Amino acid sequence: MPGNGNSLTRLRTAITVFFALDGFVFAGWVVRIPAIKEQTGASASALGLALLGVSAGAVVTMVLTGRLCRRYGNHRVTVACAVLLSLSVALPPLTHSALALGLVLLVFGAAYGGINVAFNSAAVDLVAAMRRPIMPSFHAAFSLGGMIGAGLGALVAGSLSPTRHLLLLTVVGLFVTAMAGPTLLRQKPPEPPEPPGRERPAEGAAPRRLDGRTRGLVLVFGLIAGCTAYGEGALADWGALHLEEDLGASPGAAAIGYSCFALAMTVGRLTGTTLLERLGRTRTVVAGGATAAAGMLLGSLAPALWMALLGYAVTGIGLANLFPVAVERAGALAGPSGVATASTLGYGGMLLGPPAIGFMADWFSLPAALTSVAILAAVAAAIGFATRGAAAR
């Protein structure tokens, strides 16, 4: 068991690298979706169904990965899923129909969902061992990896075919896994001291059964994650369209909207550890949810472009640390199963956001629909405040 500062630091570095790699590979795939659509000849609806393969693979695997982590260990599952993620990202350009694309995206989604549960579980162990709220720093690495992957993807899109680009991602992914993986494979997850009066279960023993109250708290933290991810999905898919159609922004200016949101979220996560150390988890969740609610009301209802962009940035700052805190708390309560539950609910919120916004935009208007992001951010803040005593205990 790693017991000294150097071992924990090496583990933290390795886990951070895998978070960044996940964001980098996923963003690299996303920016090539238009080219893959053209290659397969899929209609918009057929492409939408094929892309559900990522979601379906991820959600199903998230549920199962908690069991795999308990059996084989968080570190081994993280490395195995990183290899699968790196290999599977090269498959979409090899397909020539929407059906084939959907099938390979099931594999890609399975790897994506699996690695998210595994490295979040590994991060939860490390947070407990270091006794510092460092969870946001891992998610900041994911955000940074995504920004780099998207930026490089945009740069090479005109010169590299999707096949070569995504194969290059495979090479990078396998190389990074070969460099960082041995650190995880050599070292067992750190085990923090047990509270007085509680005995540590023997290695290989069946996991402790959770009481109904603990399971309920895990679901509560999952709901907070879902409310947060709803906003991320909604802004990713609808934020630019709102700026262009409702505020008359040019396509280039509209594209800046999500960049403002993503950059603000990254900055918020980079400063998240300091914020958590000063405010604590409950006040961070309450303040973050309230800030995001105010920011999104401004972003969706502002009459001027600059005000909307400011609102998007404030929303990113507010939402930044809600998901990391929710996953870390769920993992501290229930181990990998808690991480799996919170991640699944969070991912479900990200899936629900874009279509829900679309339906509400048809019924009302897009600005009115986007206020639902503010409402759910306020709900997350209210849940965090209402459960403050139970969560602390």
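All of these numbers come straight from a predicted model, not from anything done at the bench. (Residues numbered from 1 in each chain as written. Predicted model: local features only at pLDDT ≥ 70, side-chain atom pairs only at ≥ 80, totals over all residues. Heavy atoms only, no water.)

Caption draft 1: A look at the overall build of the chain. Along the backbone of the chain there are 14 helices and zero strands. In the chain, the order of α-helices and β-strands from amino to carboxyl end is α-α-α-α-α-α-α-α-α-α-α-α-α-α. Expected size for 393 residues packed as a compact globule is a radius of gyration near 21 Å; at 20 Å, the chain falls within 12% of this value. Projected onto the principal axes, the alpha-carbon positions of the chain cover approximately 65 × 45 × 35 Å. Per-residue burial over the chain gives 50% buried out of 393 residues. Taking contacts inside the chain between residues at least 6 apart in sequence as the whole, the part at least 24 apart equals 84%. (Helix = DSSP H or I, 4+ residues; strand = E, 2+ residues; numbered from the N terminus. Rg over C-alpha atoms; globule rule 2.2 N^0.38 Å. Buried < 20%, exposed > 50% of the residue type's maximum accessible area, 1.4 Å probe, protein only. Contact = heavy atoms within 4.5 Å.)

Caption draft 2: How the structure looks around the packing of helix H4 (residues 74–88) against helix H7 (residues 162–186). It is at 9 Å that the axes of H4 and H7 come closest, and there the two elements cross at 170°. With respect to H7, the axis of H4 lies roughly antiparallel. In this structure, H4 uses His75, Arg76, Thr78, Val79, Ala82, Val83, Ser86 and Leu87 to contact H7, whose residues at the interface are Thr170, Gly173, Leu174, Thr177, Gly181, Leu184 and Leu185. (Axes fitted to C-alpha atoms, helices over the stretch in contact; angles between N-to-C directions. Parallel < 35°, antiparallel > 145°, perpendicular 65-115°, else oblique.)

Caption draft 3: Quick peek at unusual backbone geometry. Backbone geometry places arginine 131, a non-glycine residue, at a positive phi of 55°. By the element assignment, arginine 131 lies in the loop between helix H5 (98–130) and helix H6 (135–156).

Caption draft 4: Examining helix H8 (residues 212–247) more closely. Counted at 1.5 Å a residue, the expected span for H8 with its 36 residues is 52 Å, and the 48 Å between its end C-alpha atoms agrees. Roughly 50° is the biggest bend found in H8, and it falls at tryptophan 238. (Expected span 1.5 Å × (residues − 1). Bend = angle between axes of the 7 residues up to and from the residue.)

Caption draft 5: Representation of the side chain of serine 86 within the structure. By the element assignment, serine 86 lies in helix H4. Sequence-distant contacts of serine 86, that is, excluding residues within four places in its chain, are made with Thr170, Gly173, Leu174 and Thr177.

Caption draft 6: Spatial organisation of the pattern of salt bridges. Applying the stated criterion across every chain yields a total of four salt bridges. Arginine 132 is the partner of glutamate 277 in a salt bridge, and the nearest nitrogen-oxygen pair spans 2.9 Å. Highlighted residues: glutamate 277 in helix H10 (residues 272–301) and arginine 132 in the loop between H5 and H6, separated in sequence by 145 residues. Residue classification places glutamate 277 among the partly exposed positions, given a relative accessible area of 43%. What you see here is one network of salt bridges that share partners, running through Arg281, Glu328 and Arg329. (Salt bridge = Lys/Arg side-chain N within 4 Å of Asp/Glu carboxyl O.)

Caption draft 7: Structural view of helix H9 (residues 251–270). With 20 residues, H9 extends 29 Å between its outermost C-alpha atoms, agreeing within 8% with the 28 Å of an ideal straight helix rising 1.5 Å per residue. Among all positions in H9, only Ala253, Ala254, Gly257, Phe261, Ala262, Ala264, Met265, Thr266, Gly268 and Arg269 are buried. Close packing links the buried residues of H9 with H6, H8, H10, helix H11 (305–319) and helix H12 (322–363).

Caption draft 8: Spotlight on the environment of alanine 236. By the element assignment, alanine 236 lies in helix H8. Along the sequence, alanine 236 and isoleucine 33 sit 203 residues apart, while their C-alpha atoms lie 15 Å from each other.

Caption draft 9: Structural detail: a nonpolar patch on the surface. A surface patch of nonpolar side chains, amounting to about 610 Å² of accessible area, comprises Leu84, Leu91, Leu94, Leu99, Leu103, Leu106 and Val107. When residues in the nonpolar patch are grouped by element, the largest group, four residues, is from H5. Position of leucine 94 among the secondary structure elements: in the loop between H4 and H5. Leucine 94 gets classed as exposed once you look at its relative accessible area, which sits at 54%. (Patch = residues over 30% accessible without salt bridge, like charges linked within 9 Å, V, L, I, M, F, W, Y side chains within 5 Å. Areas by Shrake-Rupley, 256 points an atom, 1.4 Å probe, with all protein chains shown as cover.)

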